[in-house]
Amino acid sequence: MARTVIYSMSVSLDGFIAGPDGDISWTAPDQELFGFHVQQTRQIGAHLLGRGLYEAMLPWETPETWWSDPEAPEFARIWKAIPKVVFSTTLDQVQGNARLASGDVAGEVAKLKEAPGEGVIAVGGAGLAATLIKLDLIDEYRLFVIPVVLGGGTPYFPPRDAAIGLELLETRTFGSLAYLRYRRG
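Since the model is a prediction, treat every value here as computed from it, not as a measurement. (Residues numbered from 1 in each chain as written. Predicted model: local features only at pLDDT ≥ 70, side-chain atom pairs only at ≥ 80, totals over all residues. Heavy atoms only, no water.)

*Asks:* It is not clear to me how the nonpolar core should be interpreted in this structure. Could you clarify?
*Replies:* Judged by nonpolar contacts, the single largest core of 23 residues is most densely connected at Tyr7, Leu48, Val123, Leu132, Ile138 and Tyr156. When near neighbours in sequence (up to four residues on either side) are disregarded, Tyr7 contacts Ile17, Val123, Ala126, Ala129, Ile133, Ile138, Glu140, Tyr141, Arg142 and Tyr156. Among the nonpolar cores identified, the runner-up in size contains 20 residues, and Ile44, Ile78, Trp79 and Ile82 belong to it. (Core = buried A, V, L, I, M, F, W, Y, C linked by side-chain atoms within 4.5 Å. Buried < 20%, exposed > 50% of the residue type's maximum accessible area, 1.4 Å probe, protein only. Contact = heavy atoms within 4.5 Å.)

*Asks:* Even after reading the chapter, I still don't get the pairing of strand β1 (residues 5–12), so can you show me in this structure?
*Replies:* Looking along a regular strand, one sees the side chains alternate between the two faces of the sheet. For β1, the buried fraction is high: 7 of the 8 residues fall into the buried class. Summarising the sheet, β1 and strand β6 (residues 120–124) pair through 3 bridges and their orientation is parallel. Counterpart to Val5 in the pairing with β6 is Ile121. Pairing of β1 with strand β7 (residues 140–146) involves 7 bridges; the strand directions are parallel. From the neighbouring strand, Ser8 faces β7, where its bridge partner is Arg142. (Helix = DSSP H or I, 4+ residues; strand = E, 2+ residues; numbered from the N terminus. Pairing = 2+ DSSP bridges.)

*Asks:* Could you clarify how one ought to interpret the side chain of Ser12 in this entry?
*Replies:* Topologically, Ser12 is positioned in strand β1. Overall, the relative accessible area of 2% leaves Ser12 in the buried class. Within the local environment of Ser12, its side chain forms a polar contact with the side chain of Asp14, the two groups lying 2.5 Å apart. In this view, Ser12 contacts Trp26, Val145, Ile146, Val148 and Leu150; residues no more than four positions away in its chain are not counted. (Polar contact = N/O pair within 3.5 Å; in protein donor to acceptor, adjacent residues only side chain to side chain.)

*Asks:* Mind showing me how you'd approach the packing of aromatic side chains here?
*Replies:* Each aromatic ring pair is summarised here by two numbers: the centre-to-centre distance and the angle between the ring planes. Within this structure, the stated rule accounts for 13 aromatic pairs. An angle of 50 degrees between the planes, with centres 5.0 Å apart, marks the rings of Phe36 and Phe174 as tilted. Separated by 138 residues along the polypeptide, Phe36 in helix α1 (residues 31–41) and Phe174 in strand β9 (residues 166–174) bring together distant segments of the chain. The burial state of Phe36 is the same as that of Phe174; both residues are buried. Relative to Trp79, the ring of Phe75 has its centre 6.3 Å away and its plane inclined at 10 degrees; by these criteria the two rings are stacked. Taken together, the residues span about one helical turn, with Phe75 and Trp79 both in helix α3 (residues 72–81) at a distance of 4 residues. Judged by its relative accessible area of 8%, Phe75 falls in the buried class. Taking relative accessible area as the criterion, Trp79 reaches 4% and is therefore assigned buried. The ring of Trp79 carries Lys84 above its face, with NZ or CZ at 4.8 Å from the centroid. (Phe/Tyr/Trp six-rings, centres within 6.5 Å; stacked < 30°, edge-to-face > 60°. Lys NZ or Arg CZ within 6 Å of the ring centre and 35° of its normal.)

By themselves, these are just geometric observations and shouldn't be taken as functional.
Dropping the structure here:
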């Protein structure tokens, strides 16, 4: 059975994952939401990342030096064990349990979907996710809708010529934040 490819990000009420200046400070999770992220990270069998997200996640290689959340060591342990494929035209090397992509995006996804192993294939980074959306390679969309209106920035979904039909699989609330999980219909 082929593995599921998911795209999961925090998103503003008006559809942006980062503000006009790239700011994502409004996405910081509280303790309950962070615990849910830890739980979901346990389900990841491979992670595809763009350069920006890869670099943003590098501090999780040594969380004890900067993070005080009691679940941070557990998240770091899980995160570090996940095999990562980094798509970048500017990086020459990566560290930790990561490798630079050796093929095209569709080819890498196809190899991972058919490879033995368990867990979903997560996609992170707006540019990389936009490429997979355009290629119709995302199976599930997981949105953490934060009640803030940014008015512009980096969109969760890229512009499209055709609609994507979705089926709602799950909803959950964390305070005033809504978690929405959809499968391609």
